[in-house]
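# Descriptive analysis of the structure
Residue strings, one per chain:
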Amino acid sequence: MTFKLLSKAALALATMGLCLSAASAAYKSEYKLSVVPGASSGWGQTATFFADCVRQKSNGRINIKPYFGAQLMAGKQTSELLLVRRGAIDFALASTINWSPQIKELNLTALPFFVANNPDRYKAIDAIEAGKSGKMLEKAIEKTGVKFLGWSENGFRELTTSKGPIEKPEDMKGMKLRVCGTPIFIDIFSSLGANPQAINWSEAVTGFQQGIVDGQENPTNGINVPTKVWQWHKYSTDWHYMIDPLFFTANMKVWKEFSPEDQKLILSCATEAEKYGKALSRLSNDNGQAYEYLKSINKLPAITNPKEELKKNGMTVTEYTPEMIKRFYEATAGVRADWTQKIGPNVVKAAEEDMQAA
Ligand code: X2X
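First, a word on what this report is: a plain description of the structure on this page. (Residues numbered from 1 in each chain as written. Predicted model: local features only at pLDDT ≥ 70, side-chain atom pairs only at ≥ 80, totals over all residues. Heavy atoms only, no water.)

## Examining the overall build of the protein chain
Counting its secondary structure elements, the protein chain contains 16 helices and 11 strands. The C-alpha atoms of the protein chain give a radius of gyration of 23 Å, which matches the 21 Å a tight globule of 358 residues would have. Along the longest, intermediate and shortest principal axes, the C-alpha atoms of the protein chain span 95 × 45 × 40 Å. Expressed as a percentage of the 358 residues in the protein chain, the buried residues total 52%. The long-range fraction of contacts in the protein chain, counting pairs at least 24 apart against all pairs at least 6 apart in sequence, stands at 74%. Summed over its atoms, the accessible surface of the protein chain is roughly 15,900 Å², and 54% of this surface lies on carbon and sulfur atoms. A gap of 6 Å separates the mean positions of the 43 positive and 37 negative side-chain charges of the protein chain. (Helix = DSSP H or I, 4+ residues; strand = E, 2+ residues; numbered from the N terminus. Rg over C-alpha atoms; globule rule 2.2 N^0.38 Å. Buried < 20%, exposed > 50% of the residue type's maximum accessible area, 1.4 Å probe, protein only. Contact = heavy atoms within 4.5 Å. Areas by Shrake-Rupley, 256 points an atom, 1.4 Å probe, with all protein chains shown as cover. Lys, Arg positive; Asp, Glu negative; His and termini not counted. Charge placed at Lys NZ, Arg CZ, Asp CG, Glu CD.)

Written as structure tokens, this is what we have:
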């Protein structure tokens, strides 16, 4: 009797063991997470936060490894979507900017002076992401066959230049500015009289060192301070002309191979990483909430006022007034009209309603 019971128990244990090993055998030993800029960028730190969260919550069963510097696509940042779709990349913390050449709707937040033209620009972007227009963007992403996991933020993009200051569109005349290879950027900077140059981020920094361009645009907290942009540029134009939301995404086949519990676990880490990533992007640009949040989770970065850091390093920061914005707003009216048609007037209208309701 005892023997029978024992052997039954042994059989049950053996079966459980088999099941467990079958389940874990289905998981890869490493999942590749693609990130365009470097590890020290806000974007890079958010990717690391997410990967650490998943590893900790799964007790090491799910190992996501961030690959920085666009290395999974040999620097070609606008190829990321294609590689996630094919499964060469398992996860990406992607930017709307790098996927918008293929997904037209993602140009929404790059419409010049659209989101920031609201009294509270962070409230406006949160309203879009949580609202009808956000759902339209998620749907457009998933229509390409990849899984959308949640938002994060690179930030509002500010212009840094070696010549300046830039107070009106005429000050940008003929200026050679590095932009990424996404068509709406060429249109925006051409409409302002500048001379935009499409260069991948992986090559941009060498370009700045060699002085092949007069400037570039990226968020202060997330990119300009971590790359120490003052080495090349003396002026920062704080015009918040567009925002660069990030989003977590996964190859659909990879996603479906996770158990429902593990899918929940990964989604919960995306939610935590969104809070963290947005706080890094908003630190010292909001009413102090970002600071309090980062402090509460014990993750305050060494530099808590990135804009001051630019000034400390000799940069002139031009904070835009509503009158200055108005001139740029008018100069880019044609770009907004043209791109509203390309994005879809229904998406733009939904975003306007989302922002108004906030
Ligand atoms: O290329 C850029 O400027 C960057 C790093 O911000 C993006 O990938 C959109």
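## Here we look at the layout of surface pockets
In this structure, the largest pocket spans a volume of roughly 400 Å³. In this structure, the largest pocket is lined by 17 residues; those nearest its centre are Tyr122, Asp126, Arg282, Asp286 and Gln289. Elements that contribute at least two residues to the lining of the largest pocket include exactly α5 (121-130), α11 (260-282) and α12 (289-296). Here the lining of the largest pocket takes five residues from α11, the largest share from any one element. Here the residues of the lining of the largest pocket are counted per class, giving five nonpolar, three polar and nine charged. Here the second largest pocket defines a volume of roughly 270 Å³. Together, 15 residues line the second largest pocket, and Gln45, Asn221, Val225, Pro226 and Ile303 are the ones closest to its centre. For the lining of the second largest pocket, the secondary-structure elements that each account for two or more residues are α2 (42-57) and α9 (220-224). When grouped by side-chain class, the residues that make up the lining of the second largest pocket number eight nonpolar, six polar and one charged. (1 Å grid on protein atoms, 1.4 Å probe; cavity = no way out; pocket = protein on both sides within 12 Å on 5 of 7 lines; lining within 4 Å. Points joined across faces, edges and corners; volume = space filled by probe spheres on them. Nonpolar A, V, L, I, M, F, W, Y, C, P; charged D, E, K, R; others polar.)

## Here we look at the pairing of strand β6 (residues 176-179)
When a strand is regular, its side chains alternate between the sheet's two faces. Direction of pairing for β6 relative to strand β7 (residues 195-198): parallel, over a ladder of four bridges. In the strand pairing of β7, arginine 178 is matched with glutamine 197. Note on the crossover from β6 through helix α7 (residues 183-191) to β7: the handedness is right-handed. Inspection of the sheet shows β6 paired to strand β8 (residues 215-218) by two bridges, in the parallel sense. Residue pairing for β8: leucine 177 is matched across the bridge by glycine 215. (Pairing = 2+ DSSP bridges. Right-handed = clockwise from strand over helix to strand, strands pointing away.)

## Details of the sheet that holds strand β2 (residues 64-67)
Spatially, five strands are ordered β2-β1-β3-β10-β4 in an open sheet, and the strand pairing comes out mixed. With one partner strand each, in any of the chains shown, β2 and β4 (146-156) form the two edges of the open sheet. Across this sheet, the average inter-strand angle for adjacent strands is 20°, counted without regard to direction. Where strand β1 (residues 31-34) lies against β2, four bridges are found, and the strand directions are parallel. For leucine 33, the partnering residue across the bridge sits in β2 and is proline 66. Sheet contacts for α2: β1, β2, β3 (91-95), β4 and β10 (243-251); angle to β2, the most-contacted strand, approximately 170°. Across the sheet, α5 touches β4 and β10, and the angle it forms with β4 is around 170°. (Axes fitted to C-alpha atoms, helices over the stretch in contact; angles between N-to-C directions.)

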